[in-house]
Amino acid sequence: MLTIKDLKASIEGKEILKGISLEVRPGEVHAIMGPNGSGKSTLSAILAGREEFEVTSGSVTYQGQDLLEMAPEDRARAGIFLAFQYPVEIPGVSTTNFLKTAVNELRKARGQEPLDAVQFLKLMKEKMKLVEMNQSLLSRSLNEGFSGGEKKRNEIFQMAMLEPNLSILDETDSGLDIDALRLVASGVNQLRSKDNACILITHYQRLLEYIVPDYVHVLYNGKIVKSGDKNLALELEAKGYDWIKEEEKVEA
Amino acid sequence: MNNAIIAQDPDIQRSLAPLQTKREEAKAYFEKHGYPHSKLEDWKYVPVHRIIAPAYENPAPDAGGSVDRDAFAAYPLTSLDAWYLVFVNGWFSAELSQVPSPEEGILIGALSDEQVLAQAAPYLGNVATLESGFVASNTMGFTDGAFIHTAAGKTLDKPVVVYHLTVAHDAPLKIRPRNLFVAESNSSFKVVEIFAGDASREALTNMVTELKAEQDAVVDYTKLQLETGSNFHVGYTEIEQHKNASVDTHIISLDGAFVRNNLHFRLMDKQCRSIMNGLYLLSGNQFLDNHTRVNHNSPECYSDQLYKGIINEQATAVFNGKIFVEKDAQKTNAYQRNINILLSDEATVNTKPQLEIFADDVRCTHGATSGHLDEEAVFYLRSRGLSEKDAKRMLLRAYSEEVIGKLQVEELIAPLMKIAAEKFKD
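The paragraphs below set out a description of the structure included in this document. (Residues numbered from 1 in each chain as written. Chains lettered and ligands numbered in written order. Predicted model: local features only at pLDDT ≥ 70, side-chain atom pairs only at ≥ 80, totals over all residues. Heavy atoms only, no water.)

1. Quick word on the overall build of chain B
So, point 1. For chain B, the count of helices and strands is 9 helices and 20 strands.
So, point 2. Taken over C-alpha atoms, the radius of gyration comes to 21 Å for chain B, in line with the 22 Å a tight globule of 426 residues would show.
So, point 3. Its C-alpha atoms put chain B at 70 × 55 × 45 Å along the principal axes.
So, point 4. Within chain B, the fraction of its 426 residues that count as buried is 59%.
So, point 5. For chain B, the share of sequence-separated contacts (at least 6 apart) that also reach a separation of at least 24 residues comes to 84%. (Helix = DSSP H or I, 4+ residues; strand = E, 2+ residues; numbered from the N terminus. Rg over C-alpha atoms; globule rule 2.2 N^0.38 Å. Buried < 20%, exposed > 50% of the residue type's maximum accessible area, 1.4 Å probe, protein only. Contact = heavy atoms within 4.5 Å.)

2. Points about the overall build of chain A
So, point 1. Tallying secondary structure elements over chain A gives 9 helices and 12 strands in all.
So, point 2. Over its C-alpha trace chain A gives a radius of gyration of 18 Å, about what one expects of a compact globule, namely 18 Å for 252 residues.
So, point 3. Considered along the principal axes of its C-alpha atoms, chain A spans approximately 60 × 40 × 35 Å.
So, point 4. Contacts in chain A between residues far apart in sequence, at least 24 positions, make up 69% of those at least 6 positions apart.
So, point 5. Element-wise, carbon and sulfur atoms account for 47% of the exposed surface of chain A, whose accessible area totals about 11300 Å².
So, point 6. Put simply, chain A has 31 plus and 38 minus side-chain charges, and the middle of one group is 3 Å from the middle of the other. (Areas by Shrake-Rupley, 256 points an atom, 1.4 Å probe, with all protein chains shown as cover. Lys, Arg positive; Asp, Glu negative; His and termini not counted. Charge placed at Lys NZ, Arg CZ, Asp CG, Glu CD.)

3. Topic: helix α2 (residues 17-33) of chain B
Residues and elements named next belong to chain B.
So, point 1. For α2, with 17 residues, the first-to-last C-alpha span of 25 Å sits near the 24 Å given by 1.5 Å per residue.
So, point 2. Within the sequence span of α2, burial applies to Leu 19, Arg 23, Ala 26, Tyr 29 and Phe 30. For α2, the angular spread of the buried residues around the axis is 125°, confining them to a single face. Every exposed residue of α2 that faces more than 90 degrees away from the buried side is listed here: Ala 17 and Lys 32.
So, point 3. Next to the buried residues of α2 lie α1 (2-8), α5 (114-120) and α6 (133-141).
So, point 4. Directly beyond the C-terminal end of α2, a positive phi value near 65° is found at Gly 34. (Expected span 1.5 Å × (residues − 1). Arc of directions from axis to C-beta.)

4. Description of the state of the cysteines
In protein chemistry, a disulfide is the covalent bond that joins the sulfur atoms of two cysteines.
All names here are of chain B.
So, point 1. Under the criterion given, the structure shown has 0 disulfides over all chains.
So, point 2. Here Cys 301 stays unpaired: no disulfide links it, and the sulfur of Cys 272, its closest cysteine neighbor, is 4.1 Å away.
So, point 3. Judged by its relative accessible area of 1%, Cys 301 falls in the buried class. (Disulfide = S-S within 2.5 Å.)

5. Here we look at the side chain of Arg 178 of chain B
All names here are of chain B.
So, point 1. Inspection of the secondary structure puts Arg 178 in strand β7 (residues 178-183).
So, point 2. Of the residues examined, Arg 178 reaches a relative accessible area of 1% and is grouped as buried.
So, point 3. In terms of polar contacts, Arg 178 uses its side chain to reach the side chain of Thr 139, at 2.9 Å. (Polar contact = N/O pair within 3.5 Å; in protein donor to acceptor, adjacent residues only side chain to side chain.)

6. Observations concerning unusual backbone geometry
So, point 1. For Gln 63 of chain A, which is not a glycine, the phi torsion comes out positive at approximately 45°.
So, point 2. Along the chain, the position of Gln 63 of chain A falls in the loop between β4 (54-62) and β5 (65-66).
So, point 3. In this structure, Glu 300 of chain B takes a positive phi of about 65° despite not being glycine.
So, point 4. Position of Glu 300 of chain B among the secondary structure elements: in the loop between β15 (287-296) and β16 (302-311).

7. What to know about the pattern of salt bridges
All names here are of chain A.
So, point 1. With the rule as written, the count across this model stands at 30 salt bridges over all chains.
So, point 2. In this structure, Arg 25 engages Glu 28 in a salt bridge whose closest nitrogen and oxygen atoms are separated by 2.9 Å.
So, point 3. Classification of Arg 25 by relative accessible area gives partly exposed; the value is 38%.
So, point 4. The buried category is assigned to Glu 28, whose relative accessible area is 9%.
So, point 5. One salt bridge in this structure joins Lys 194 and Asp 195, with 3.5 Å as the shortest N-O distance.
So, point 6. Judged by relative accessible area, Lys 194 falls into the exposed class, the value being 66%. (Salt bridge = Lys/Arg side-chain N within 4 Å of Asp/Glu carboxyl O.)

8. Some thoughts on the sheet that holds strand β2 (residues 91-98) of chain B
Residues and elements named next belong to chain B.
So, point 1. Pairing is mixed across the open sheet formed by 10 strands, whose spatial order is β2-β1-β5-β8-β10-β12-β14-β16-β18-β20. With one partner strand each, in any of the chains shown, β2 and β20 (363-371) form the two edges of the open sheet. Going across the sheet, the axis of each strand differs from the next one's by a mean of 10°, ignoring polarity.
So, point 2. Relative to β16, strand β14 (residues 273-282) runs parallel, the two being bridged by 10 bridges. Each bridged residue has a counterpart across the sheet, and for Ser 274 the counterpart in β16 is Ser 303.
So, point 3. Along the sheet, helix α8 (residues 388-404) makes contact with β12 (246-255), β14, β16 and β18 (333-342), crossing β16 at roughly 150°. (Pairing = 2+ DSSP bridges. Axes fitted to C-alpha atoms, helices over the stretch in contact; angles between N-to-C directions.)

All we've got here are geometric facts, nothing functional implied.
Laid out in structure tokens, this is it:
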């Protein structure tokens, strides 16, 4: 579904990603872990289509298409969803408001008829249950005055509405208390299927107790330095990132 | 030169003594000062010479009958659930207007009606001061205008639309409407001034509106500018409030080549409430200058101002907001915000808050920002599948709605949002 080959990227001449390769197949959940400054956010930014980074070499292919050539909206329409680490506040635009346009844009891209107001509301009601979202929050200005948990639940709610093939969750666990984390994780788990895939970007192992990944990759200094199954996350939790840093030093 | 301009004015005979006196004063002011120029601080950014240059003709009273019902219906907002006073090129059209049947204590009419003028004369020129050549020119040579008077305790059942239609094709026109709205104590009304039209020649609208809100009166005033690209507009809305009076204003400027709006409040007694909502959406070579001033002359009053603008292409916006808090005006609450979004590198905005506070126990805040559309928000919406154009349109719509959504004549909200949206179609 997604193939990243030797991806290198820099910002203002400084190389952040130094050759990343990753293969994500339908049905898989990949966790990308790493200490601060390892390049996690840069990777998610590039996958989402932010323009401030310069890709200097390598390729990203999504369902046979060159992802790097696609505008952010075309990525969304092709089934990619990014849950933002810091969801933006938009005064005067409610979730309901923009999501109706978004859902219908995606349906159009899939060759489906647009939903009318009634069908859209029905779909919303159904998906709201997933993350225990309430209607009033969705009618308010996006993220304005939302708590950290509400912001992240809103991201997962949108994910449920847009039914992506590939979801990228960028530090969705950061700043969440345990109850909010459970809600978010249970939402994500209910959306898992054999046809869609998920990349979890996270600093902590905590989220992976609730969303069990098929693969865990450790990103350090712009490279994937270790890959394994869920046990790698536990090992990291026990030994800390210093363990990886030490190993890197030895190899160097 | 000033005398030459005065000499071109038609001699509109108004026999009433109070008006003659005002007219003489205005003439004397104009002889001395003429029109303002850019060396004056308040007119610094304004190319006045551009709008006074054409050889204007003064429309005659028969202009009122020059547009029939069908033609009028083609203009925006002509069929609201409201009373209508319609003026064509500054003159009243009885045919296009619709006023309530006479009722004790409520008077709605045109100043060209001798009987209405007689009722209005004692109030006329008492709120607007002769502070510029435009006010003076209007005071000496105004054509016609609306008079609304509600006696103590009266409430108007529907809003009154004062529709100023400009149709200029044969010659450049100078149009000078003069309106007077008086709400006696504990009375209430809503009034909407609409400026629209069809002009292939230059048309200068030099309007003065005076509004007096007596004790406990509640007035809602909206000014909508939907003029064409050949229209020049210099407007004065002068408001005087007495004890515990409440006045909301909404100044929405969506079109017109050149606009200078002056909105002045004088708070004469305690516990007045004054709201200033403003929105301007500019494109092309439009020039718009909003000057507002609140004179807090009395204690315990509240004023709140929010002016928002979107400036595209080569358009220019100016905002100047003055708040004066006099020594006796303790416990004043005065707030002011001006926010601008620039959509192009060639767009210009000059914004200047000006607070002068002589009392010590007050709460005043002001803020002015000018920037581009929030790129993070655009990216967020695009990452959900909206095109860049749709994302921007949605953000601009929401931005405008914060002001338009506050209109108390709610029937205006949907059509105005539609007109506003048209401005960002591309």
